[in-house]
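If you want the building blocks of each chain, they are given just below.
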Amino acid sequence: MRTHTRITRTVVLVTASLLGAAGCAGHDSGGDTAAAPRAVKPVAGCGAGSWTDPADLAPDRKAARCDKGAPAAQPLAKKRKITVATGTLSAEYVAPLQVAVAKGEFTKEGLDVELKVLPTPDALPLLAKGDVDAQWAAPEAAVMNGINGGFAIKWVAGNFSPDPTSKSGLWVRLKDGESADHVEMAGRKLGTMIGKGSVIAYPMDTSLKKHGGGLDRISFQQLGSADVLTALQNGGVDSAWLLDPIWRKVDGDEKYAFLGGQPVGEPLGGLLFGPTLLNEDPDAGVAFLRAYIRTVNTYFAGDYKSDPGFVTELAKLLKTDEATLRSTPSMRMDWEIRKGTTDRLQEAYAGSGVSKGASVPEAKAVDRAMYSEAVGHKL
């Protein structure tokens, strides 16, 4: 109960600070006011494959792609400084932003982009007020609660979905007589860096329910990133959410079983824009997404880890061990947002008690128009 209280209190405090930021915004930020339609023109190198049906949740769905180097840069008339908050600069899912900065893709658009490390609870109020322009994060419970409070933060682009062979996700230490196909999760203690208000609550709840559990039927032990695996191995917890590449430490050990991870083909995070790029300077918002998408098409279109030179370069950018980076399969970088993801996330938040009030409609939380414009697709 103490852990649950701490998780809930964190979400409540973040939401309260967000609502206070919204009250100080000084302009209409509800996100319901329809902006004037923007002209969408065909984009060279971005054909039919640059857009996929948002309703397609098939695990084998091919991620949207343009040709290498597309969409071409369209420099803004005036150079623009953009600050992007991110919780880390060392995680692989941040690699497209790191590479876009290093390769000058943002500069080609007339953007001076600064990546600033800020914990999500600290960054969200700044995003709501316009003190930072974008956030590389996810539509977590605090974000959805804040949107429900009436200010403009929208999820405008995805980040990645896991390779089908990845085993990043829920692992359990098996009891006598149990196997991966038969595990009783109800009553277990789960160790994780991530609380119930994270987007991981959705796939975690799905995996738990397949084994007699659910977010409301287990207890949480929040741990530091370096402590999750240790706690699982020494008995401090009997299940854990293990990220890349930590799960490699238990893969193949018969004492442990992998129960499931993030849905294949469905990004759960990416770029959040605040009122500045959504309402005040959408040209800069589209330019940012154009550079991001071009970076994915140029450097992350397929199995980017098959290029030894690029892996070496990536390891230096992320300040991580090259062997560690090679030990897991390439992520499927994906700028698109699937239909219904925010609905499924909110169901998990409500079930775990960290989301209050009415569910936020997808149209109020998600904006596909900017990445659509960047690839020349008319909605």
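A quick note: this is a predicted structure, and the numbers were derived from the prediction, not measured.

Rules of the game
- Residues numbered from 1 in each chain as written.
- Predicted model: local features only at pLDDT ≥ 70, side-chain atom pairs only at ≥ 80, totals over all residues.
- Heavy atoms only, no water.
- Core = buried A, V, L, I, M, F, W, Y, C linked by side-chain atoms within 4.5 Å.
- Buried < 20%, exposed > 50% of the residue type's maximum accessible area, 1.4 Å probe, protein only.
- Helix = DSSP H or I, 4+ residues; strand = E, 2+ residues; numbered from the N terminus.
- Contact = heavy atoms within 4.5 Å.
- Pairing = 2+ DSSP bridges.
- Axes fitted to C-alpha atoms, helices over the stretch in contact; angles between N-to-C directions.
- Salt bridge = Lys/Arg side-chain N within 4 Å of Asp/Glu carboxyl O.
- pLDDT = per-residue confidence, 0-100.
- Parallel < 35°, antiparallel > 145°, perpendicular 65-115°, else oblique.
- Nonpolar A, V, L, I, M, F, W, Y, C, P; charged D, E, K, R; others polar.

Q: How should the nonpolar core be read in this particular structure?
A: In globular proteins that are soluble, nonpolar side chains generally tend to be buried together. Judged by nonpolar contacts, the single largest core of 93 residues is most densely connected at Val84, Leu271, Phe273, Phe288, Leu289, Phe300 and Leu314. Top contributing element to this core by residue count: helix α9 (residues 282-299), with nine residues. Residue contacts for Leu314: discarding those within four places in its chain leaves Ala95, Val99, Phe300, Tyr304 and Leu325. With eleven residues, the next largest nonpolar core counts Trp171, Leu229, Ala231 and Val250 among its residues.

Q: How should I be thinking about the sheet that holds strand β3 (residues 134-137) in this particular structure?
A: Hydrogen bonds between backbone atoms are what pair the strands of a sheet, whose relative direction is either parallel or antiparallel. Taken together, the five strands give an open sheet; going across it, the order is β2-β1-β3-β11-β4, and neighbouring strands pair in mixed fashion. The open sheet is flanked by β2 (111-117) and β4 (154-158), the only strands paired with a single partner. Within this sheet the neighbouring strands show an average axis-to-axis angle of 30 degrees, counted without direction. Two elements, β4 and strand β11 (residues 270-273), share four bridges in a ladder whose sense is antiparallel. Among the inter-strand pairings, Lys154 is bridged to a residue of β11, identified as Phe273. Those strands touched by α9 are β1 (80-86), β2, β3, β4 and β11, and its axis lies near 175 degrees from that of β11.

Q: Honestly, the pattern of salt bridges in this entry has me stumped. Any pointers?
A: Side chains that differ in sign of charge can pair as their charged atoms come close. Tallying each qualifying case throughout the model produces 22 salt bridges. In this structure, Arg61 and Asp334 form a salt bridge, with 2.5 Å as the shortest nitrogen-oxygen distance. Remark: Asp334 occurs in the loop between β12 (332-333) and α12 (341-352) and Arg61 occurs in the loop between α1 (2-23) and β1; sequence separation between them is 273 residues. By the burial criterion, Arg61 is buried, and Asp334 matches it. Taking the shortest distance from any N to any O, the salt bridge between Asp251 and Lys167 comes out at 2.9 Å. Note that Asp251 is positioned in the loop between β9 (239-242) and β10 (256-261) and Lys167 in the loop between β5 (160-161) and β6 (169-173), a separation of 84 residues in sequence.

Q: Whenever I open this one, the pairing of β1 confuses me. Can you help?
A: In summary, the side chains of a regular strand alternate between the two faces of the sheet. Judged by how many residues are buried, β1 sits mostly within the fold: six of seven residues are covered. When β1 meets β3, the two strands line up parallel, connected through three bridges. The residue bridging Thr86 from the neighbouring strand is Trp136, located in β3.

Q: Sorry if this is basic, but what is going on with the confidence of the model for the protein here?
A: Interpretation of this model should avoid reading the predicted coordinates in detail wherever pLDDT is low. On average, residues of the protein score 88 in pLDDT, and 90% of them are at 70 or above. Counting interchain partners and residues more than four positions distant, the pLDDT-below-50 stretch residues 1-34 has 52 contacts.

Q: Can you help me understand the packing of helix α2 (residues 95-102) against α9 in this one?
A: Their axes nearest at 9 Å, the elements α2 and α9 cross at an angle of 100 degrees. In terms of orientation, α2 lies roughly perpendicular with respect to α9. Residues Pro96, Leu97, Val99 and Ala100 of α2 pack against Phe288, Tyr292, Thr295, Val296 and Tyr299 of α9. Classifying every residue of the contact of α2 with α9 by side-chain character gives eight nonpolar, one polar and no charged.

Q: Sorry if this is basic, but what is going on with α2 here?
A: Because an α-helix completes one turn every 3.6 residues, residues spaced three or four positions apart along the sequence face the same direction. Of all the eight residues making up α2, six are buried; the element is thus mostly covered by neighbouring parts of the structure. Listed in full, the buried residues belonging to α2 are Ala95, Pro96, Leu97, Gln98, Val99 and Ala100. Looking one or two places after α2, you find Gly104, whose phi comes out positive at around 75 degrees.

Q: Help me understand the side chain of Glu266 in this model?
A: Here Glu266 lies in the loop between β10 and β11. You can call Glu266 buried: its relative accessible area is 4%. Dropping the residues within four chain positions of it, Glu266 is found in contact with Leu57, Phe160, Ser161, Tyr202, Arg338, Thr341 and Arg344.

Q: What is the right way to look at the environment of Lys78 in this model?
A: Along the polypeptide, Lys78 turns up in the loop between α1 and β1. Sequence spacing of Lys78 and Lys339 is 261 residues, and the spatial spacing of their C-alpha atoms is 35 Å.

Q: Sorry if this is basic, but what is going on with the sheet that holds β10 here?
A: In spatial order, the strands read β8-β7-β9-β6-β10; together these five strands make up an open sheet with mixed pairing. Of all the strands in the sheet, just β8 (219-222) and β10 have a single pairing partner and so form its edges. Recorded for the sheet is a direction-independent mean angle of 25 degrees between the axes of neighbouring strands. Here strand β7 (residues 189-192) runs beside β8; their pairing, made up of four bridges, is parallel. The partner of Thr192 across the bridge, within β8, is Gln222. Its contacts with the sheet put helix α6 (residues 201-209) on β6, β7, β8, β9 and β10, and the angle it makes with β10 is roughly 125 degrees.

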